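Coordinate inspection notes
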Amino acid sequence: MGQKKDLTGSEKSKIVRYLAEGCSSLKIAKLLKRDHRTIKRFIQNSQQGRKKRVDKPRRKITAHELRKVKRAAAKMPLATSLAIFQSCNITGVPKSTRCAILRDMAKVRKAERRPPLNKTHKLKRQDWAKKYLKTDFSKVLWTDEMRVSLDGPDGWARGWIGKGQRAPVRLRRQQGGGGVLVWAGIIKDELVGPFRVEDGVKLNSQSYCQFLEDTFFKQWYRKKSASFKKNMIFMQDNAPSHASKYSTAWLARKGIKEEKLMTWPPCSPDLNPIENLWSIIKCEIYKEGKRYTSLNSVWEAVVAAARNVDGEQIKTLTESMDGRLLSVLAKKGGYIGR
């Protein structure tokens, strides 16, 4: 019988089972209708096992060199271990030793993503903070959109894997398999929405205003009292569909104009507390690497996660605004984090 292609996973499993039952390699070859040499080669390789690792003596690092590495790691964030050690003129240290040394004084982290802030942006952020420093933020409705995909952001696929375990397979879908655009608002301790933007609709000025009419105004705003409407301040960011003349005029006809429509500084997602709400919801819907098979299923997950956000959590976010404004002023318009 001639030799054929390599053994399949199923055949390998059968060989192990037959060996456990006491079958000889020749009998196994006949049962599987494979060449005897192929069976013997697999048995020999599997019984041989891996070669034991021989630990080589590691290059010792002096206390002086260790201090140099620590200073270099502080000066060169996100640099590789090789670059850090080369900057200290320390050579001959294997990668495993470099990483072991750095692990005691540093952590592997990703760079934080934040919008670019130039001098004009910082000045506008300071002016905004001064303007609203005495505002009663319990009257402000903070709004924003969020897109959720079936697979979640790439970073959510990371996590620790136990020794001896294999990482689960994640099939890669183009554009994350599509996504759902979600709009919501928070005011004091109340969540407004979330509302789903119809699939395939691109939010321009006209579609954005129609969306607000069908969801926010008809389903929430019109139920509020006249005194509430009189005092409420509507916040939205500077997305083109939000800040256009068409949208501004449309909101003015709804009574949301002048001081009732909050001016917003450029490049300032860190100042909008609803961004923290999005983080809470995403942590919930993508926990343990969860993925979704349809847009409806991921939307249902968003709704369920939003229901679990209680009033105290929302109140904590909206009450953080005084501190955010003071931080912006203290940092002279700089980024304050979230």
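Keep in mind it's a predicted model, so treat the numbers as computed, not measured. (Residues numbered from 1 in each chain as written. Predicted model: local features only at pLDDT ≥ 70, side-chain atom pairs only at ≥ 80, totals over all residues. Heavy atoms only, no water.)

**A look at the overall build of the protein**
We apply this condition: Each helix corresponds to a stretch of at least 4 residues labelled H or I by DSSP, and each strand to a stretch of at least 2 residues labelled E; elements are numbered beginning at the N terminus. Exposed residues in this analysis have more than 50% of their type's maximum accessible area, buried residues have under 20%, and partly exposed residues fall in between, with area computed by a 1.4 Å probe over protein chains only. The contact criterion used throughout is that any non-hydrogen atoms of two residues lie within 4.5 Å. All accessible areas in this document rest on Shrake-Rupley with a 1.4 Å probe, and a residue is counted as covered only by the protein chains that are shown.
What the protein contains, in helices and strands, is 15 helices and four strands. Buried residues in the protein amount to 37% of all 338 residues. For the protein, contacts bridging at least 24 residues in sequence account for 75% of all contacts bridging at least 6. Accessible surface, the protein as shown: approximately 22,200 Å² in total, 51% of it carbon and sulfur.

**Focus: a negative patch on the surface**
The criterion, for reference: Candidates for patches are residues over 30% relative accessible area with no salt bridge; among them, like charges are joined within 9 Å and nonpolar side chains (Val, Leu, Ile, Met, Phe, Trp, Tyr) within 5 Å. Salt bridges are defined by distance alone: a side-chain nitrogen of Lys or Arg within 4 Å of a carboxyl oxygen of Asp or Glu. Only four residue types enter the tally: Lys and Arg on the positive side, Asp and Glu on the negative side; His and the chain ends are excluded. To locate a charge, the coordinates of NZ of Lys, CZ of Arg, CG of Asp or CD of Glu are taken.
Taken together, the side chains of Asp136, Asp189, Asp310, Glu312, Glu319 and Asp322 define an acidic patch exposed on the protein surface. Following the sequence through the fold, Glu312 ends up in helix α14 (residues 311-318). Of the residues examined, Glu312 reaches a relative accessible area of 55% and is grouped as exposed.

**Let's talk about the packing of helix α1 (residues 9-20) against helix α2 (residues 25-32)**
The description of two packed helices rests on the angle between their axes and on the distance between the axes. Formally: Structural elements are reduced to axes, namely lines fitted to C-alpha atoms, with helices fitted over the stretch in contact, and the angle between N-to-C directions of any two is expressed from 0 to 180 degrees. Here the word oblique covers every angle except those under 35 degrees (roughly parallel), over 145 (roughly antiparallel) and from 65 to 115 (roughly perpendicular). Here is the rule for handedness: rotate from the far helix to the near one, and if that takes an anticlockwise turn smaller than a right angle the crossing is left-handed, while a clockwise turn gives right-handed. Here the term charged refers only to Asp, Glu, Lys and Arg, the term nonpolar to Ala, Val, Leu, Ile, Met, Phe, Trp, Tyr, Cys and Pro, and the term polar to all other amino acids, Gly among them.
Running from amino to carboxyl end, α1 crosses α2 at an angle of 140 degrees, the nearest separation of the two axes being 10 Å. As summarised for this structure, α1 and α2 are arranged oblique, according to the angle between their axes. The hand of the α1/α2 crossing is right-handed. Contact residues: α1 offers Glu11, Lys14, Ile15, Tyr18 and Leu19, while α2 offers Ile28, Leu31 and Leu32. Of the residues contributing to the contact of α1 with α2, the split by class is six nonpolar, no polar and two charged.

**Some remarks on the pairing of strand β2 (residues 179-187)**
Basically, it comes down to this: Being paired, for any two strands, means DSSP has found at least two bridges between them.
Of all nine residues in β2, nine are buried; the element is thus mostly enclosed. In β2, alternate side chains face the same way, and those of Gly179, Leu181, Trp183, Gly185 and Ile187 on one face and Val180, Val182, Ala184 and Ile186 on the other are all buried. Taking the residues that link successive antiparallel strands as the turn, the β2-strand β3 (residues 190-196) hairpin has two residues, and the phi of Lys188 there is positive, at about 55 degrees.

**A few points about the environment of Ile84**
Take Ile84: it is sitting in helix α5 (residues 81-87). Residue Ile84 is classed as buried on the basis of its relative accessible area of 5%. Distance in space between the C-alpha atoms of Ile84 and Lys70 is 9.1 Å, their sequence separation being 14 residues. Not counting residues up to four positions away in its chain, the partners in contact with Ile84 are Val69, Ala72, Ala73, Met76, Ala79 and Leu102.

**Quick look at unusual backbone geometry**
The general pattern is negative phi for most residues beyond glycine and trans for most peptide bonds. The linkage connecting Gly193 with the following residue, Pro194, adopts the cis geometry, with an omega of 5 degrees. Topologically, Pro194 is positioned in strand β3. Phi is positive for Lys33, close to 55 degrees, though the residue is something other than glycine. Checked against the element boundaries, Lys33 lands in the loop between α2 and α3 (36-48). A relative accessible area of 58% means that Lys33 is categorised as exposed. Despite not being glycine, Cys267 has its phi angle at roughly 55 degrees, a positive value. Tracing the chain through its elements places Cys267 in the loop between α11 (245-253) and α12 (274-285).

**Details of the sheet that holds strand β4 (residues 233-235)**
Strands sit in the order β3-β2-β1-β4 across an open sheet of four strands; the sheet is mixed. Every interior strand has two partners, whereas the edge strands, β3 and β4, have only one. Strand-to-strand twist across the sheet, computed as the mean angle between neighbouring axes with direction ignored, equals 20 degrees. Each of β1 (140-149), β2, β3 and β4 touches helix α8 (residues 205-219); the most contacted strand, β3, lies at about 135 degrees to it.

**Looking at the nonpolar core**
Quick reminder of the rule: Buried Ala, Val, Leu, Ile, Met, Phe, Trp, Tyr and Cys residues that are joined via side-chain atoms within 4.5 Å together make up what is termed a nonpolar core.
Among the nonpolar cores identified, the biggest contains 39 residues, and Trp128, Trp142, Val148, Met262, Ile281 and Ile285 are the most heavily contacted of them. Looking at this core, the elements with two or more residues in it are α7 (119-131), β1, β2, β4, α12, α13 (295-307), α14 and α15 (321-330). Counting residues in each nonpolar core, the second largest holds 22 residues, with Leu141, Ile187, Val197 and Ile256 among its members.

**What to know about the environment of Ala305**
Along the polypeptide, Ala305 turns up in helix α13. Using a relative accessible area of 5% as the deciding quantity, one classes Ala305 as buried. Along the sequence, Ala305 and Cys283 sit 22 residues apart, while their C-alpha atoms lie 9.2 Å from each other. Those residues in contact with Ala305, other than ones at most four positions away along the chain, are Ile281, Glu284 and Ile285.

**So, α14**
Going by this rule: Along the arc lie the directions from the helix axis toward the C-beta atoms. Throughout this description, a polar contact denotes any pair of N or O atoms lying within 3.5 Å of each other; where both atoms belong to protein, one of them has to be capable of donating a hydrogen while the other can accept it, and for residues adjacent in sequence the pair is counted only when both atoms sit in side chains.
Taken together, the buried positions of α14 are occupied by Ile314, Leu317 and Thr318. Take α14 and look down its axis: the buried residues cluster within an arc of 95 degrees, on one side only. Structural note: α14 exposes Glu312 and Thr316 on the side pointing more than 90 degrees away from its buried face. Against β1, β2, β3, α12 and α15 lie the buried residues of α14. N-capping of α14 is provided by Asp310, with a side-chain oxygen placed 3.2 Å from the backbone N of Glu312.

**As for the packing of α12 against α13**
Between α12 and α13, the shortest axis-to-axis distance is 9 Å and the interhelical angle comes to 120 degrees. Classified by the angle between their axes, α12 and α13 sit oblique to one another. Of the two possible hands of crossing, α12 and α13 adopt the one that is right-handed. Judged by residue contacts, Ile281, Glu284 and Ile285 of α12 engage Ala301, Val302, Ala305 and Ala306 from α13. For the contact of α12 with α13, the residue count by class is six nonpolar, no polar and one charged.

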